[in-house]
Amino acid sequence: MDTKRALEIYNAEETIPVHLDGRPVWIEKVDETSGTAAVKIESNPERTQNVPVDQLQEGFGSTV
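Rules and cut-offs
As a convention, each chain's residues are numbered from 1 in the sequence order in which they are written. Residues qualify for local features only when their pLDDT is at least 70, as the model is predicted, and side-chain atom pairs are given and counted only at 80 or more; totals for whole chains, interfaces and linings, by contrast, use all residues. Where side-chain values are given, they derive from all heavy atoms of the structure, hydrogens and water being excluded. At least two bridges found by DSSP between two strands is the condition for calling them paired. In this description a helix means any DSSP run of H or I spanning at least four residues, a strand means any run of E spanning at least two, and both kinds are numbered starting from the N terminus. Axis definition: a line fit to C-alpha positions, over the contact stretch in the case of helices; interaxial angles, taken between N-to-C directions, run 0 to 180 degrees. It only takes one pair of heavy atoms within 4.5 Å for two residues to be counted as in contact. Within this document, salt bridges are pairs made up of a side-chain nitrogen of Lys or Arg and a carboxyl oxygen of Asp or Glu, the two lying within 4 Å of each other. Three labels apply to residues, based on accessible area from a 1.4 Å probe with only protein chains included: buried if under 20% of the type maximum, exposed if over 50%, partly exposed otherwise in between. Nonpolar cores are built from buried Ala, Val, Leu, Ile, Met, Phe, Trp, Tyr and Cys residues. Side-chain atoms within 4.5 Å join them into one set.

**Q** Would you mind going over the sheet that holds strand E3 (residues 36–41) with me for this structure?
**A** Two strands in a sheet stick together by hydrogen bonds in their backbones, pointing the same way (parallel) or opposite ways (antiparallel). Within the open sheet, the five strands sit side by side as E4-E3-E2-E1-E5. Their pairing is antiparallel. This sheet does not close on itself; its edge strands, each paired only once, are strand E4 (44–52) and strand E5 (56–58). Each neighbouring strand pair of the sheet contributes to a mean axis angle of 45°, computed without reference to strand direction. When E3 meets E4, the two strands line up antiparallel, connected through six bridges. Counted as the bridge partner of lysine 40 is threonine 48 from E4. Contacting strand E1 (18–20), strand E2 (23–31) and E5, helix H1 (residues 3–11) runs over the sheet at an angle of about 105° to E2.

**Q** Just to check I follow, could you spell out the pattern of salt bridges for this structure?
**A** Opposite charge on two side chains makes pairing possible when the charged atoms of those side chains draw close. Within this structure, the stated rule accounts for four salt bridges. Put simply, lysine 4 and glutamate 8 hold a salt bridge, and the shortest N to O gap is 3.9 Å. Taken together, the residues lysine 4 and glutamate 8, both in helix H1 and four residues apart, mark about one turn of the helix. On the basis of relative accessibility, which here comes to 35%, the residue glutamate 8 falls in the partly exposed class. Note that arginine 23 and aspartate 21 form a salt bridge whose closest N and O atoms lie 4.0 Å from each other. What makes aspartate 21 exposed here is its relative accessible area of 57%.

**Q** Please explain the nonpolar core as it appears in this structure.
**A** Formed by 15 residues in total, the largest nonpolar core has its most connected members in Val25, Ile27, Ala37, Val39 and Leu56. Every element with two or more residues in this core is listed here: H1, E1, E2 and E3. The contacts of valine 25, once residues within four sequence positions are left out, are Val18, His19, Leu20, Val39, Lys40, Ile41, Glu42 and Leu56.

By themselves these figures say nothing about function.
In structure tokens:
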């Protein structure tokens, strides 16, 4: 995924599924300058993780 799409998903009114390494995540913030996103992994929502947006995948399930 690119930064522009990550921002579109973050700002969308509807829920758009996003995955990191096959795990569902919520985008909490997108940093266009660094090309990273702060995400919360659905299975551990107390923990926020910063990752490159190109590691995020849009859609249902995993391709791994």
